[in-house]
Amino acid sequence: MLINKLTTAFGDHSSLLPLFTKDIVNSTGMTAFSYNAGGKIEAKDRFIDEFGTQAIWMGGLPFFKWAIDNSVYKIAKINPDIDVRLLNDAQQLEVAKKYAASLENKSIAQSLEKAAKFSSKTKGLFIGKFVTATALTLASFFTLVKVKQHYTKKEIEKQFWAKKSEQHFYNNNVAKSPAFKAFSVNEYKAEKKPSKTPSFKGVGSVLQGFMFDPVKNLFIVDAGITGERLVNSRTKTELAETAIKEGSLLFFMYVAGRYIQKGIEKVSEKFFKKPIDLHAEVLSSDYMKDAISSGKVYDDVKAVTDLASDKKKLFEFIYNSNKSSADNTVIKAAKKSGLIKTIKEGSWLEKLAGKAKDTGIIDPHQYINADDVQAFANNVKKLADSAPKGEKAIAEFLKKCRNMKIGSVAANMGITCLFLGLIVPYSMMKYRAKQQNGNKDFHVQAEIERQLEKSFKGRIA
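Just so it is clear, the model here is predicted, and its values are computed rather than measured. (Residues numbered from 1 in each chain as written. Predicted model: local features only at pLDDT ≥ 70, side-chain atom pairs only at ≥ 80, totals over all residues. Heavy atoms only, no water.)

Asker: I would appreciate a short explanation of the overall build of the protein chain in the present structure.
Answerer: A count of helical and extended segments in the protein chain gives 20 helices and two strands. Burial statistics for the protein chain: of 461 residues in total, 43% are counted as buried. For the protein chain, the exposed area adds up to about 24600 Å²; of that, 59% sits on carbon and sulfur atoms. (Helix = DSSP H or I, 4+ residues; strand = E, 2+ residues; numbered from the N terminus. Buried < 20%, exposed > 50% of the residue type's maximum accessible area, 1.4 Å probe, protein only. Areas by Shrake-Rupley, 256 points an atom, 1.4 Å probe, with all protein chains shown as cover.)

Asker: Explain the packing of helix α14 (residues 296–305) against helix α18 (residues 370–386) to me, please; I cannot follow it from the model alone.
Answerer: Angle between the axes and distance between the axes are the two parameters that describe a pair of packed helices. As a packed pair, α14 and α18 sit with axes 9 Å apart at the nearest point and diverge in direction by 160°. Between α14 and α18, the crossing angle belongs to the class labelled roughly antiparallel. Note on packing geometry: the crossing formed by α14 with α18 is left-handed. Touching V297, Y298, V301, V304 and T305 of α14 are V373, Q374, A377, N378, V380, K381, A384 and D385, all from α18. Considered class by class, the residues forming the contact of α14 with α18 number eight nonpolar, three polar and two charged. (Axes fitted to C-alpha atoms, helices over the stretch in contact; angles between N-to-C directions. Parallel < 35°, antiparallel > 145°, perpendicular 65-115°, else oblique. Left-handed = near helix turned anticlockwise from the far one by under 90°. Contact = heavy atoms within 4.5 Å. Nonpolar A, V, L, I, M, F, W, Y, C, P; charged D, E, K, R; others polar.)

Asker: For this particular structure, what's the right way to read the side chain of D23?
Answerer: Tracing the sequence through the fold places D23 in helix α2 (residues 17–69). For the buried D23, no salt bridge exists, and the shortest N-O distance to an oppositely charged side chain is 5.7 Å, to K245. In contact with D23, other than residues within four places in its own chain, are Q54, W57, L249 and M253. (Lys, Arg positive; Asp, Glu negative; His and termini not counted. Salt bridge = Lys/Arg side-chain N within 4 Å of Asp/Glu carboxyl O.)

Asker: Mind showing me how you'd approach the pattern of salt bridges here?
Answerer: Side-chain pairs of opposite charge can arise where the charged atoms are in close proximity. Going through the model one piece at a time under the given rule, you end up with 13 salt bridges. A salt bridge links R85 to D83, with the shortest nitrogen-to-oxygen separation between them at 2.7 Å. K97 is paired through a salt bridge with E113; the nearest N and O atoms lie 3.7 Å apart. Taken together, the residues span a long stretch of sequence, with K97 in helix α4 (residues 90–101) and E113 in helix α5 (residues 106–117) at a distance of 16 residues. In this structure E113 comes out as partly exposed when scored by relative accessible area, which is 42%. Salt bridges sharing partners connect three or more residues here, namely E269, D277 and K382.

Asker: What am I meant to see in the confidence of the model for the protein chain here?
Answerer: Mean pLDDT for the protein chain: 81, with 81% of residues reaching 70 or above. Taking the mean pLDDT of every element in the protein chain, the minimum, 45, falls on helix α7 (residues 178–190) and the maximum, 96, on α18. Here residues 182–204 is a poorly scored stretch, pLDDT under 50, and it has 24 contacts once near neighbours within four places are set aside; other chains count. (pLDDT = per-residue confidence, 0-100.)

Asker: Mind showing me how you'd approach unusual backbone geometry here?
Answerer: Most peptide bonds take the trans configuration, and most residues that are not glycine carry a negative phi. Of note, K77 is a non-glycine position whose phi angle comes to about 60°, a positive value. Of note, K77 is situated in the loop between α3 (72–76) and α4. Here K77 falls in the exposed class, since its relative accessible area comes to 61%.

Asker: Please clarify how a positive patch on the surface should be interpreted in this entry.
Answerer: Together, K216, R258, K262 and K266 make up a positively charged patch on the protein surface. Of all the elements, helix α11 (residues 256–272) adds the most residues to the positive patch, at three residues. Looking at where K216 falls in the secondary structure, it is placed in helix α9 (residues 214–231). (Patch = residues over 30% accessible without salt bridge, like charges linked within 9 Å, V, L, I, M, F, W, Y side chains within 5 Å. Charge placed at Lys NZ, Arg CZ, Asp CG, Glu CD.)

Asker: Would you explain helix α1 (residues 2–11) in this entry?
Answerer: Three- or four-residue spacings in an α-helix give side chains the same orientation, since the helix completes a turn every 3.6 residues. Turning to α1, its buried residues are N4, T7, T8 and G11. An end-on view of α1 places all buried positions within 100° of arc, on one side of the element. Taken together, the buried residues of α1 touch α12 (280–283) and α19 (391–435). (Arc of directions from axis to C-beta.)

Asker: For this particular structure, what's the right way to read the packing of aromatic side chains?
Answerer: Two aromatic rings are characterised by how far apart their centres lie and by the angle between their planes. Summed over the entire model, instances satisfying the criterion amount to eight aromatic pairs. The lysine or arginine in question, K121, covers the ring of F118, its NZ or CZ lying 5.6 Å from the ring centre. (Phe/Tyr/Trp six-rings, centres within 6.5 Å; stacked < 30°, edge-to-face > 60°. Lys NZ or Arg CZ within 6 Å of the ring centre and 35° of its normal.)

Asker: Is there a simple way to think about empty space enclosed by the protein in this case?
Answerer: A water-sized probe rolled over the atoms picks out the places where empty space is left. Of the volumes computed, that of the largest cavity is approximately 240 Å³. Lining the largest cavity are 23 residues, with R46, D49, K148, E238 and T242 positioned closest to its centre. Listing elements by their share of the lining of the largest cavity, those giving two or more residues are α2, α6 (119–174), α9, α10 (236–254) and α19. With six residues, the top contributor of residues to the lining of the largest cavity is α2. Of the residues that constitute the lining of the largest cavity, the class distribution is three nonpolar, six polar and 14 charged. By volume, the second largest cavity is sized at about 70 Å³. D23, E50, T53, Q54, W57, D222, R229, K245 and L249 are the residues that line the second largest cavity. Among the elements of the structure, α2, α9 and α10 are those that each provide at least two residues to the lining of the second largest cavity. Top contributing element to the lining of the second largest cavity by residue count: α2, with five residues. Its residues assigned to classes, the lining of the second largest cavity shows two nonpolar, two polar and five charged. (1 Å grid on protein atoms, 1.4 Å probe; cavity = no way out; pocket = protein on both sides within 12 Å on 5 of 7 lines; lining within 4 Å. Points joined across faces, edges and corners; volume = space filled by probe spheres on them.)

Asker: In this structure, what is going on with the side chain of S27? I would like to understand it.
Answerer: Considering the arrangement of structural elements, one finds S27 in helix α2. Looking at S27, the relative accessible area reads 0%, which means it is buried. Those residues in contact with S27 that sit more than four places away from it in its chain are E50, F51 and Q54.

Asker: Teacher, can you tell me more about the nonpolar core here?
Answerer: Counting residues in hydrophobic clusters, the biggest one holds 57 residues, and the most contacted among them are I292, Y319 and L383. With seven residues, α18 is the single largest residue contributor to this core. With residues near it in sequence (within four places) discarded, Y319 still touches L86, Q92, V95, A96, Y99, I362, P364, Q366 and I368. Among the nonpolar cores identified, the runner-up in size contains 22 residues, and F64, L144, L249 and L250 belong to it. (Core = buried A, V, L, I, M, F, W, Y, C linked by side-chain atoms within 4.5 Å.)

Asker: Looking at this model, I keep getting lost on α14. Mind explaining?
Answerer: Among the residues of α14, V297, D300, V301 and V304 are the ones counted as buried. Projected down its long axis, α14 shows its buried positions confined to an angular sector of 95°, all on one face. Tucked into the core, α14 has its buried residues touching α13 (286–294), α15 (311–319), α16 (329–336) and α18.

Take a look at the structure:
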């Protein structure tokens, strides 16, 4: 079901989909509040900044990595799909190479052998790709900042001089007309005195974790973007607003979601006796229901946990899941959850969009974390321990668990989007109003206009 797939994607902390969604909500909220407070010029400035950054943020890393994969890696004749962590795990590498040799596609075994033979070269290429793609993405953003600020300044100058031109025409032509004086003499008395400051609203290791986790890789980009925005703030008020916005964004994008999800899961388990650690697709699967109903799930969990002290045998068991352990519930669920990567067939765009065909065959190029597999097995056991007796009761229990999982992911996204799309932009504008004695006008525009006014007076002095 689509709802299960979406819940799995949004509930996966290594998935980019929740980040993109949160960022779109935040960007929309920031643009709307900017238009309401500072008019069209600020809205344009914010729109270019938010959505331009988003385009670079979402597309930069994948594009530059793809470009390196199809240039540098091809010249070096190394497969870019190989997870270099395999090369540091002799036990897993040995089993993976043996397993790869048994597959019909012999190019997989050949590429793995070559990567192992030229281990230093393969690792160097990967680190170089990570550093280069991240640096080029940040450089693209820095360029955007300069272009945006130049564009906004030109828009403000254009509007300012158009306003001055209108005033000049009015003062030297319309205002001196006897007919205008006769018509406006009484009306003038009823008008309020013009503000001293006119408003011109516009027309217009730890490092390894970061390298191998796409979400953490994006965090580095976001942290760099935050630093650049702070350094290039055009006024003190913009600096403070940027600090509020960026600090909140980083927290709700990369930190809060995990804790909110864990909190909801603990509440579900403690008060409702419904463990919802597993993905919705697993909770709603027939194989999980059947395994719990028959009691087979305990044998499957034991088959995995008994190998906790022997990593080589565990890897052999996992890789042989295409054969002898094909029906193991833990391995099936781990594949479905993405904990054990399988071979996907399709173009890089299809793979990026999640549209590639899943063969179900474990990918020997990919690293498997043995500790994560053991923890996953324990979560499966916890689910089975909480289930009632009877096939019908178990089916109902799993359905409720699945529904609670969907609700927990929706609540998590809702809470973070509420803060990013509404509360944070509102707080920024409240801060601006407080700093400017109740005035919410675009402070950057006001500062540029103040400088232009000074220049204008210098010309006519």
